[in-house]
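Coordinate inspection notes
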There are 2 protein chains.
Amino acid sequence: MKKYIQDNEPRFLEELFSVMRIPSVSSDPAHKADMPRCAETLAALLVNAGADSAEVYPTKGHPVVFGSKTIDKSLPTILIYGHYDVQPVDPIELWKSDPFEPEVRDGAIWGRGANDDKGQTFMHIKAFEYLASRGELRHNLKFIFEGEEEIGSPSLAEWVENHREMLACDIILVSDTTMISEKVPSINCGMRGLSYLEIVVKGPDKDLHSGHYGGAVANPINVLCDILSSLIDKDGRITVKGFYDDVVELSAEDRAMLSRAPFDLEEYKSSIGICGVKGEKGYTTMERQTIRPSLDVNGIWGGFTGEGAKTVIPTEAHAKVSMRLVPNQLSSKISKLFIDHIRSIAPDYVKVEVFEHHGGDGFLIPISSKAYQAAERAMGEVYGIRPVPSRGGGSIPILAEMQQILGADPLLMGFGLERDCIHSPNESYLLDQFRKGIESIILFYRYF
Amino acid sequence: MKKYIQDNEPRFLEELFSVMRIPSVSSDPAHKADMPRCAETLAALLVNAGADSAEVYPTKGHPVVFGSKTIDKSLPTILIYGHYDVQPVDPIELWKSDPFEPEVRDGAIWGRGANDDKGQTFMHIKAFEYLASRGELRHNLKFIFEGEEEIGSPSLAEWVENHREMLACDIILVSDTTMISEKVPSINCGMRGLSYLEIVVKGPDKDLHSGHYGGAVANPINVLCDILSSLIDKDGRITVKGFYDDVVELSAEDRAMLSRAPFDLEEYKSSIGICGVKGEKGYTTMERQTIRPSLDVNGIWGGFTGEGAKTVIPTEAHAKVSMRLVPNQLSSKISKLFIDHIRSIAPDYVKVEVFEHHGGDGFLIPISSKAYQAAERAMGEVYGIRPVPSRGGGSIPILAEMQQILGADPLLMGFGLERDCIHSPNESYLLDQFRKGIESIILFYRYF
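The sections below set out a description of the structure shown in this document. (Residues numbered from 1 in each chain as written. Chains lettered and ligands numbered in written order. Predicted model: local features only at pLDDT ≥ 70, side-chain atom pairs only at ≥ 80, totals over all residues. Heavy atoms only, no water.)

Below, the discussion takes up the overall build of chain A. What chain A contains, in helices and strands, is 14 helices and 18 strands. Rg of the C-alpha trace for chain A: 23 Å, near the compact-globule value of 22 Å for 448 residues, within the 12% margin. Oriented by its inertia axes, the alpha-carbon framework of chain A measures out at about 80 × 50 × 45 Å. Looking at the 448 residues of chain A, the share that counts as buried comes to 63%. In chain A, 79% of the contacts between residues at least 6 apart in sequence involve partners at least 24 apart. Taken as a whole, chain A presents about 16100 Å² of accessible surface, with 50% of it coming from carbon and sulfur. Once the 47 positive and 64 negative side-chain charges of chain A are each reduced to a mean point, those two points are 3 Å apart. (Helix = DSSP H or I, 4+ residues; strand = E, 2+ residues; numbered from the N terminus. Rg over C-alpha atoms; globule rule 2.2 N^0.38 Å. Buried < 20%, exposed > 50% of the residue type's maximum accessible area, 1.4 Å probe, protein only. Contact = heavy atoms within 4.5 Å. Areas by Shrake-Rupley, 256 points an atom, 1.4 Å probe, with all protein chains shown as cover. Lys, Arg positive; Asp, Glu negative; His and termini not counted. Charge placed at Lys NZ, Arg CZ, Asp CG, Glu CD.)

What follows is the structure, given as structure tokens:
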């Protein structure tokens, strides 16, 4: 297995690079045509790897790739989910190499999508290729690669609903997350949900001179800052009315189990270059970013943002705000609470608009499940250490929906590392993780 | 006089347009070469109007135009100050016509600089031309037009200091402000000062995924909003420590005199399209924007500001903040207080930087002065109504400095109107104000 991966690595990388070179940025209308192009490339790779068939299906948004290999209908079926869309690349000037001209450097693959999720998805195609080429498959495999994960999968749920039979499976296998570190493999047994909204504060109907009007007219930026600042209290708790109503407090036992994962605060701080941590009172850093909900302003803009100085009271100010939710908090409910809350605190001397971008629920998979156990054994063998269960802070909203529609639990075997900068400039993916990921997936099939 | 202005108007406009077509945006390095080009154009216009000489002088920044006409050294000398630089034009898409291709439409001149300050400066050249052509000048005139007013005149004070003798004068005459309305001429007898600073909040050394880190890491945008929101309390008072120490409370008598200026709150609100006013408790809207200091966020940016959604905790967030100051508040002191205050409230889990862009002091001119009285009589005759004294909310920081260096008071005869949108898209200047401005300046010379 190791030899096959080693011998074929140059070809593997060239194939992966052909996918990464396509700038499939789902949020940017300028890249619309790149989406089906990327989907077709992946479908061809699936067929070459041994799939009975692989097709690109239209959706209301960007297309979906579906491929399958049937061995014996009486055997269990594993549905592999991945996504071929990527995050935007701005600020582009911070990239050390072209985000869409991947290269290998310092033992890692560099480029947008190296990890998230082209690199991780590609490992599944190669694990499949290995087993198929040797006739060692003992499960039916189905692959679904979507093109809208980074924008919240707006079209996939409906498409899955309409192809429920075609997608029928026993387990959903996903590699789109990180493990704790190269030395501490971990398996995600739950992820947070998401509500992503935007607030617009509108003041005067034209930009005003702040000298003439300053002091007498509400400045939309100041008002927006007041609103945003009021959303988290001094104890780090979110003030949106009703926000915590559905949050289930973890038992002391559960918290103890999760705290098995090693954590070094100084290392954590230095890995992201911060002077100190900040968060909800009464919870550890690891808990704050996994089992507790959070609220972040992901973007803000208004007024004069160029070089130098302009004395303006702008007509508008904008903010993008997202909340991470824990299982049992429904995204639709939280988004509504947020909208109601913002409207209720909006002062009457400005107009405040608030609307939802997208959202999704969190989910959990039992540690006692056959799938979790198989993954634990596979990764334990490859890494030489028993993986720890972890809870992911990020969201893959569509997985909760697929879980509900298909009646199959998602298992998250992620091989990314914090150092990969997946939503930032200079995204990378360690070659060693790429190799071990392929090995772990192959072994997972052996033990599942 | 009226006939001369009327007969020559097509030529006047063509000359003014030749100045307005030059995109002399002082804050934008891309327009560096346009600055001397604009200065040369104005120098030539001065000579054509009858100046003994007019030259473009280099400074450490953009050049200065200086021209003069000496009649008799024993006569009083009037220094006319204006500026040929203009504000940036963004958002460019909101302009109904090209900002740098001026046109006359609906009785007004449209384009960047139509009023501020190319249009108003140009009136002085034409008033001078009229008097010079008829041999009616009874004062020595000096003209100084700078190219850095919109960026806080960083080079002019030193240049004035070095040319103190050349600039010696009895009064500084300026048209760079507004009057209350077409029906209520007013003369500014004081202006606010300015402190303009920028705050940068720095968090993690790379953009982070808000799913993985949200809740555990301080988000620079949230922190910036907290800081900005804390700067004004619920009574609309600025919380910067020591901020009000030097503010002189106006007497009830002075407040009554200033309140003579007519003011209609509904008209005010509808003129700028706001639902309500907001400001310091205990003061009227007109007081809030003239005799009271204020604080505005003029620009804010951070994180993802493109279309769609990106779940990021950004490395940095920025804000441009300006404070309008009243006479007796020193800009240098306030800027220092602001910097100290921000540093004192900056939380230790982020890095907070704060630096000054520019600033300037406010100033006052006595209503009893000969210059004010002459302006009152001149404008009273042209408008048929006795002008009211007013206090300007805006700042022309360099005027306080020139007052100190040259020992001459500035008199602000401004002919702009609120409707002119001087720092916004679709800047304009009413032709009627343009004409009456020239007339008023000519009469001012007669009565001074």
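This brings us to the interface of chain A and chain B. Taken residue by residue, the interface counts 86 residues in chain A and 86 residues in chain B. Each partner contributes to the roughly 7300 Å² buried at the junction of chain A and chain B, and carbon and sulfur atoms together form 53% of this total. Broken down residue by residue, the surface that chain A buries against chain B is led by A:His212, A:Lys278 and A:Lys310, which jointly contribute 9%. The interface formed by chain A and chain B holds zero salt bridges in total. At the junction of chain A with chain B, the criterion picks out 46 residue pairs in polar contact (both at pLDDT 80 or more). When its residues are assigned to classes, the side of chain A that touches chain B shows 33 nonpolar, 35 polar and 18 charged. Across five bridges, the pairing between strand S11 (residues 294-303) of chain A and strand S11 (residues 294-303) of chain B is antiparallel. Its bridge partner lying in S11(B), A:Gly302 is registered against B:Ile300. (Buried area = accessible area lost by both parts, 1.4 Å probe. Salt bridge = Lys/Arg side-chain N within 4 Å of Asp/Glu carboxyl O. Polar contact = N/O pair within 3.5 Å; in protein donor to acceptor, adjacent residues only side chain to side chain. Nonpolar A, V, L, I, M, F, W, Y, C, P; charged D, E, K, R; others polar. Pairing = 2+ DSSP bridges.)

Residue and element names in this part refer to chain A. Strand order in the open sheet made by the three strands is S4-S5-S18, with antiparallel pairing throughout. In the strand order of this sheet, the two ends are held by strand S4 (103-105) and strand S18 (428-430), each with one partner. Looking at each pair of strands side by side, their axes are set apart by 30° on average, direction ignored. Bridge count for strand S5 (residues 108-110) against S18 is three bridges, and the pairing is antiparallel. Of the residues in S18, the one forming a bridge with Ala108 is Leu430. Contacting S4 and S5, helix H2 (residues 9-20) runs over the sheet at an angle of about 25° to S5. (Axes fitted to C-alpha atoms, helices over the stretch in contact; angles between N-to-C directions.)

On to the relation of the copies chain A and chain B. Rotating chain A by 179° about the axis while translating it 0.1 Å along that axis superimposes it on chain B, leaving an RMSD of 0.1 Å. Accordingly, the operation relating the two chain copies is best matched by a two-fold axis. Most of the interface of chain A is mirrored in chain B: 100% of its interface residues are interface residues there too. (Least-squares fit on C-alpha atoms with pLDDT ≥ 70 in both.)

Moving on to helix H13 (residues 431-447) of chain B. For H13(B), built from 17 residues, the straight-helix expectation of 24 Å at 1.5 Å per residue is met to within 8% by its first-to-last C-alpha distance of 24 Å. Across the 17 residues that make up H13(B), a large majority, 13, are buried. (Expected span 1.5 Å × (residues − 1).)

It is worth spelling out the packing of helix H2 (residues 34-49) of chain B against helix H3 (residues 118-133) of chain B at this point. How two helices pack is summed up by the angle between their axes together with the distance between the axes. All names here are of chain B. Between H2 and H3, whose axes approach to 8 Å, the crossing angle comes to 20°. One finds that H2 runs roughly parallel with respect to H3. You can see that H2 and H3 cross each other, and the crossing is right-handed. Between H2 and H3, the contacting residues are Cys38, Leu42, Leu45, Leu46 and Ala49 on the first element and Lys118, Phe122, Ile125, Phe128, Glu129 and Ala132 on the second. Each residue belonging to the contact of H2 with H3 can be placed in one class, and the counts come to nine nonpolar, no polar and two charged. (Parallel < 35°, antiparallel > 145°, perpendicular 65-115°, else oblique. Left-handed = near helix turned anticlockwise from the far one by under 90°.)

Right, let's talk about the pairing of S11(B) for a bit. Look at any regular strand and the pattern is simple: side chains alternate between the two faces of the sheet. All names here are of chain B. Of all the ten residues making up S11, eight are buried; the element is thus mostly covered by neighbouring parts of the structure. Pairing geometry for S11 and strand S13 (residues 316-325), over eight bridges, is antiparallel. Bridge pairing in S13 links Val297 to Val321.

The strands making up a sheet associate through hydrogen bonds between their backbones, and the pairing can be parallel or antiparallel. Reading across the sheet, the eight strands line up as S14(A)-S9(A)-S13(A)-S11(A)-S11(B)-S13(B)-S9(B)-S14(B) and stay open at both edges, with antiparallel pairing between neighbours. Each end of this open sheet is capped by a strand with a single partner; those strands are strand S14 (351-360) of chain A together with strand S14 (351-360) of chain B. Each neighbouring strand pair of the sheet contributes to a mean axis angle of 20°, computed without reference to strand direction.

The topology assignment puts B:Glu129 in helix H3. In contact with B:Glu129, other than residues within four places in its own chain, are B:Tyr4, B:Arg11, B:Phe12 and B:Ala49.

Turning to the side chain of A:Arg192, a few remarks are in order. All names here are of chain A. You can see Arg192 is positioned in the loop between strand S8 (186-191) and strand S9 (193-202). We note that Arg192 is buried and unpaired, the nearest opposite charge coming from Asp296 at a distance of 6.7 Å. There is a polar contact of 3.2 Å between the side chain of Arg192 and the backbone oxygen of Gln289. A distance of 2.6 Å separates a polar side-chain atom of Arg192 from the backbone oxygen of Arg292.

Here the focus is unusual backbone geometry. Note the cis peptide between A:Asp116 and A:Asp117, where omega equals -5°. You can see A:Asp117 is positioned in the loop between S5 and helix H4 (118-133). At B:Ser153, a residue that is not glycine, the phi angle is positive and equals roughly 50°. Within the secondary structure layout, B:Ser153 lies in the loop between strand S6 (140-146) and helix H4 (156-162). A relative accessible area of 4% places B:Ser153 in the buried class.

This part covers the environment of A:Leu45. Residue and element names in this part refer to chain A. On the secondary structure map, Leu45 appears in helix H3 (residues 34-49). Judged by relative accessible area, which is 7%, Leu45 ranks as buried. Those residues in contact with Leu45 that sit more than four places away from it in its chain are Glu15, Val19, Phe122 and Ile125.

Here we take up the packing of aromatic side chains. Inspection of every chain in the model, using the stated rule, returns 28 aromatic pairs over all chains. With centroids separated by 5.3 Å and ring planes inclined at 70°, the aromatic side chains of B:Tyr57 and B:Trp159 adopt a geometry described as edge-to-face. Taken together, the positions of B:Tyr57 in strand S1 (residues 53-57) and B:Trp159 in helix H4 put the pair 102 residues apart, joining distant regions of the chain. Its relative accessible area of 5% is what places B:Trp159 among the buried residues. Feature note: the residues A:Tyr4, A:Phe12, A:Phe122, A:Tyr130, A:Tyr429 and A:Phe434 constitute an aromatic cluster, connected by ring pairs. Lying across the ring of A:Trp110, A:Arg105 places its NZ or CZ 4.4 Å from the centre. (Phe/Tyr/Trp six-rings, centres within 6.5 Å; stacked < 30°, edge-to-face > 60°. Lys NZ or Arg CZ within 6 Å of the ring centre and 35° of its normal.)

Let us look at the pattern of salt bridges. Applying the stated rule across the entire model yields 64 salt bridges over all chains. A salt bridge links B:Lys202 to B:Glu316; the nearest nitrogen and oxygen atoms lie 4.0 Å apart. Taken together, the positions of B:Lys202 in strand S9 (residues 193-202) and B:Glu316 in strand S13 put the pair 114 residues apart, joining distant regions of the chain. Its relative accessible area of 27% is what places B:Lys202 among the partly exposed residues. Here the salt bridges do not stand alone but share partners, grouping A:Arg11, A:Glu15, A:Lys126 and A:Glu129 into one network.

Residues and elements named next belong to chain B. Structurally, Asn115 can be placed in the loop between strand S5 (108-110) and H3. Looking at Asn115, its side chain comes within polar contact range of the side chain of Gln120, at 3.1 Å. With residues near it in sequence (within four places) discarded, Asn115 still touches Gln120, Gly416, Leu417, Asp420, Ile422, Glu427, Ser428 and Tyr429.

Attention now goes to H3(B). All names here are of chain B. A rise of 1.5 Å per residue sets the reference length of H3, with its 16 residues, at 22 Å; its end C-alpha atoms lie 22 Å apart and thus fit the reference within 8%. With 14 of its 16 residues buried, H3 lies for the most part within the structure. Remark: Gly135 follows H3 within two positions and exhibits a positive phi of approximately 65°.

Bear in mind that shape data such as this cannot, by itself, settle questions of function.
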